[in-house]
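A look at the structure
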Amino acid sequence: MKRKSKGGFGKAWLETLQRTALSRWVLGGLIIAAMLAILLVDALPAGVQIEVGEVAKQDIVAPITAINTSETERLKEEAARQALLEATDDPSYYQINPAAVMRVEENVTGVLNLLRQGIAPEGEEQDVQPEHLTISEIDRRLIRDWQIEIPQRNLEAVVSLSLTEFDQFAQTTADLVLAAMEEPISQDGLRDARDAFEESVRRSGFRDNLQQTAVLLGRQLIQPNLVLNTEKVNEARDQAVQNVEPVQIMQGEIIIRKGDVVRTEHINLMRDVGLLKTGRDYAALAGRTLLVLAMAALMIVYLHQNRLRILENNALLGLLGSVVLTVLLLGRLFSMPAWPEAVYLNPSALVGLLLTLLIDAKVASMAAVVTAVLLGVISGFSWPVGTLALVGGLTAVLSVTKVSQRGDLMRAGFIVGGANVLLMMALGLASKDTGLIVNSYLGLISGVLASIVAIGVLPYLESAFKITSSIRLLELSNPNHPLLRRLMLEAPGTYHHSILVGNLAEAAAEAVGADGLLARVGAHYHDIGKLKRPYFFVENQVGKDNPHDKIAPSLSTLIVTSHVKDGLELAGEYKLPDVVTQFIAQHHGTDLVRFFYHRATEASEDNTVEEKDFRYPGPKPHGKEVAIVSLADAVEAAVRSLSKPTPGKIEGLVRKIIKDRLNSGQLDESDLTFQDMDRIANAFVKVIMGMFHTRVEYPEKITKEEIEGKKARNGSSV
């Protein structure tokens, strides 16, 4: 919602600066310098310069409560180590290693194939049997390839089998070994696993010599098959680390006492509480400087292309910079406490709330984007904080685009707070950050806090920067305002006229994209100067003689035109804002008081009457809203003089008045286009036709039966 403003800070020296381009450059430079200072403060060296081995010259005390990082890390490492030790002793953290099972399976197959080569081939089997091996060769290869020792008598018993018998022996032995390997076998449980295998061999039905051979093979082939479940162990270690409570350095705690020798742990503690002076981080300084300049350039380009009036007005530029700097400074303050979640309390929505009310929604939206980026950097490059500031700022803009009272600001605060809560929960779920979800209530507090601060500072900003917000305009439109109440009681005709002019002006302003609220409020106050001599104006002369009939036209003109000056005096007395006062000064422009001019001309015998003596002092209307009120004022007064208004008469009169004002040059400084004037005329006609709508005429006497009959026919009361 666009708002008009005039002037600077109300001080002579600032008004002088405002008229120069240099002042705008200086003001812009100061704003950018302040932004740099806020962002660079933590990149500059600060604290105490001290080194290991020095003797402390004074007690060094922790200025804040902070986390002892070195001690906390030591405890975390100890917890991780202990969790790992406990996991290695806990069977539930182990799982069967498929590679170990496969390796034993390969060994069983290899050993049995080797033993098979020691069996002498028979008959046709000689053609398919591999090279025959002697017992000594088998024994040598068993030791070399598998480190397995089998007594010679057992080898002789095996090679004495037929191939069919051996295959049955080999299959059963392999099955029993693999069955044993499918059960969990730890290093400590290896002996029990081999004993269980031996028991299964005894139940297999082998004769003694083969049974003994199978047991020897199994006991030497069966190996541990368990391995730690690394994923489960890592989870246990991570959980143990998370369960470690951070060791805190309490505010006021003495880190180094006077006379103590500085050790490495002292340096670490000083670094944790921000007391250790370090060298400049030139990369951080350069990066943040470039970021601030980029954001400032983005804002300047936007204003130059869309809101040039802000760059050309020191008051508006100062307001914009002040609001942004205030929120950035609050962001810096909220990021300093030992409570990390305090950053979510920053009332960043102030940018959207205040700038929407005092300037307009588009400027507020762009400022919210710039502020969100910088707040994310200030809070340690926290993208949740930046996102929260952006969404909260834009939600604030949408929440106060149309307000009717200051209480609406509190409603907007709850809307912003609700949006913050939902966003923090969404971000927490998306990033699996339970901290965001748990602390989402801080978002609600932030939104409400922003609205409370906005309500408190809004009147001061309006006064300091000479800006009238929509809320202030709504307060001025209240009929209980002292001036309007006086107008209603002392000059009721003028009051009624002002209300009608306000209705016309608001409709026309909205038709051409101007500020309807400003036009309506300006119309309500444009004729307050008539309070000084209300009976000299025709709308207040009901049942009274016209005093102008008894005085000279020149004096009548002086009295009539003086209502502008009188109105300005009343505006100053009641402290009306400049944005409203301009309607009082400009609504007649330099127009001619035609009625008294013609009377003077007719009465003059020497034709010495001059137009300049019968004109309003001006100035001509500046801006669309004032010009629209000027036209509405003339149209309303003229239409009231019509005896039998018809749509054709009304439209013709409206367009004639607008054309006359245009031809007389009264609209030259109003920024109205021909298309605007056509829309204004249409809006005027539409509103006036509503004012002069036809009514059902009733005879002076009407019977009860006729009334009841008419009710029945119409289905409603007459």
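Remember, predicted model here, so these are calculated numbers, not experimental data. (Residues numbered from 1 in each chain as written. Predicted model: local features only at pLDDT ≥ 70, side-chain atom pairs only at ≥ 80, totals over all residues. Heavy atoms only, no water.)

Right, let's talk about the side chain of Ser 670 for a bit. Positionally, Ser 670 belongs in the loop between α29 (647–663) and α30 (674–691). We classify Ser 670 as buried; its relative accessible area is 0%. Residues contacting Ser 670, with those up to four places away along its chain left out, are Pro 621, Gly 623, Lys 624 and Ala 627. (Helix = DSSP H or I, 4+ residues; strand = E, 2+ residues; numbered from the N terminus. Buried < 20%, exposed > 50% of the residue type's maximum accessible area, 1.4 Å probe, protein only. Contact = heavy atoms within 4.5 Å.)

A cluster of nonpolar side chains, contributed by Leu 22, Trp 25, Val 26 and Leu 30, occupies part of the molecular surface with about 510 Å² of accessible area. For Leu 30, the location among the structural elements is in helix α2 (residues 21–40). Among the residues examined, Leu 30 registers a relative accessible area of 56% and is labelled exposed. (Patch = residues over 30% accessible without salt bridge, like charges linked within 9 Å, V, L, I, M, F, W, Y side chains within 5 Å. Areas by Shrake-Rupley, 256 points an atom, 1.4 Å probe, with all protein chains shown as cover. Salt bridge = Lys/Arg side-chain N within 4 Å of Asp/Glu carboxyl O.)

What follows deals with the packing of aromatic side chains. Counting across every chain of the model gives 4 aromatic pairs. When the ring of Phe 169 is compared with that of Phe 206, the centres are 5.2 Å apart and the planes differ by 50°; the resulting orientation is tilted. One end of the pair, Phe 169, is in helix α7 (residues 163–181); the other, Phe 206, is in the loop between α8 (190–202) and α9 (208–221), with 37 residues separating them in the sequence. Assigned by exposure class, Phe 169 and Phe 206 land together as buried. Counting every residue linked through ring pairs, the aromatic cluster contains Phe 166, Phe 169 and Phe 206. Seen from the ring of Tyr 93, Lys 232 lies directly overhead, with NZ or CZ sitting 5.4 Å from the centre. (Phe/Tyr/Trp six-rings, centres within 6.5 Å; stacked < 30°, edge-to-face > 60°. Lys NZ or Arg CZ within 6 Å of the ring centre and 35° of its normal.)

Turning to the packing of helix α25 (residues 553–573) against helix α26 (residues 578–586), a few remarks are in order. It is the contact of α25 with α26, at a shortest axis distance of 8 Å, that shows an interaxial angle of 165°. Compared by their axis directions, α25 and α26 come out roughly antiparallel. Taken as a pair, α25 and α26 cross one another with a handedness that is left-handed. From α25, Val 564, Gly 567, Leu 568 and Ala 571 reach across to α26, where they touch Thr 581, Ile 584 and Ala 585. Grouping the amino acids of the contact of α25 with α26 by side-chain chemistry returns 5 nonpolar, 2 polar and no charged. (Axes fitted to C-alpha atoms, helices over the stretch in contact; angles between N-to-C directions. Parallel < 35°, antiparallel > 145°, perpendicular 65-115°, else oblique. Left-handed = near helix turned anticlockwise from the far one by under 90°. Nonpolar A, V, L, I, M, F, W, Y, C, P; charged D, E, K, R; others polar.)

A side chain of one charge can pair with a side chain of the opposite charge if their charged atoms are brought near each other. Under the criterion given, the structure shown has 28 salt bridges. In this structure, the salt-bridge partner of Glu 539 is Lys 530, at a minimum N-O distance of 2.9 Å. Taking the relative accessible area as the measure of exposure, Lys 530 reaches 8% and is therefore buried. When salt bridges that share partners are traced, they join Lys 532, Arg 533, Lys 565, Asp 566 and Glu 569 into one network.

Note on placement: Ile 150 falls in the loop between α5 (135–146) and α6 (152–159). Assessed through its relative accessible area of 4%, Ile 150 is described here as buried. Taking the C-alpha atoms as reference, Ile 150 lies 9.7 Å from Gln 212; in sequence the two are 62 residues apart. The contact partners of Ile 150, leaving out residues within four places of it in the chain, are Asp 139, Leu 142, Leu 155, Leu 216 and Leu 217.

Turning to helix α17 (residues 383–399), a few remarks are in order. The end-to-end C-alpha distance of α17, which contains 17 residues, comes to 24 Å, matching closely the 24 Å that a straight helix rising 1.5 Å per residue would cover. Regarding α17, the residues found buried are Pro 384, Val 385, Gly 386, Leu 388, Ala 389, Gly 392, Gly 393, Thr 395, Ala 396, Val 397 and Ser 399. Packing partners of the buried residues in α17 comprise α15 (350–358), α16 (361–378), α18 (407–431) and α19 (434–438). (Expected span 1.5 Å × (residues − 1).)

The next point concerns the environment of Ser 379. Note that Ser 379 resides in the loop between α16 and α17. When its relative accessible area of 18% is taken as the criterion, Ser 379 is described as buried. When the C-alpha atoms of Ser 379 and Ser 335 are compared, they prove to be 5.7 Å apart, with 44 residues separating the residues in sequence. Apart from residues lying up to four places away in sequence, Ser 379 is in contact with Ser 335, Val 343 and Val 385. A polar atom in the side chain of Ser 379 sits 2.9 Å from the backbone oxygen of Leu 375. (Polar contact = N/O pair within 3.5 Å; in protein donor to acceptor, adjacent residues only side chain to side chain.)

Below, the discussion takes up α29. A rise of 1.5 Å per residue sets the reference length of α29, with its 17 residues, at 24 Å; its end C-alpha atoms lie 24 Å apart and thus fit the reference within 8%. For α29, every residue scored as buried is listed here: Ile 650, Leu 653, Val 654, Ile 657, Ile 658 and Arg 661. Taken end-on, α29 shows its buried residues confined to a sector of 130°, consistent with a single buried face. Residues of α29 that are exposed and point over 90 degrees away from its buried face: Gly 648, Lys 659 and Asn 663. Looking at the buried positions of α29, the neighbouring elements they touch are α28 (624–640) and α30. (Arc of directions from axis to C-beta.)

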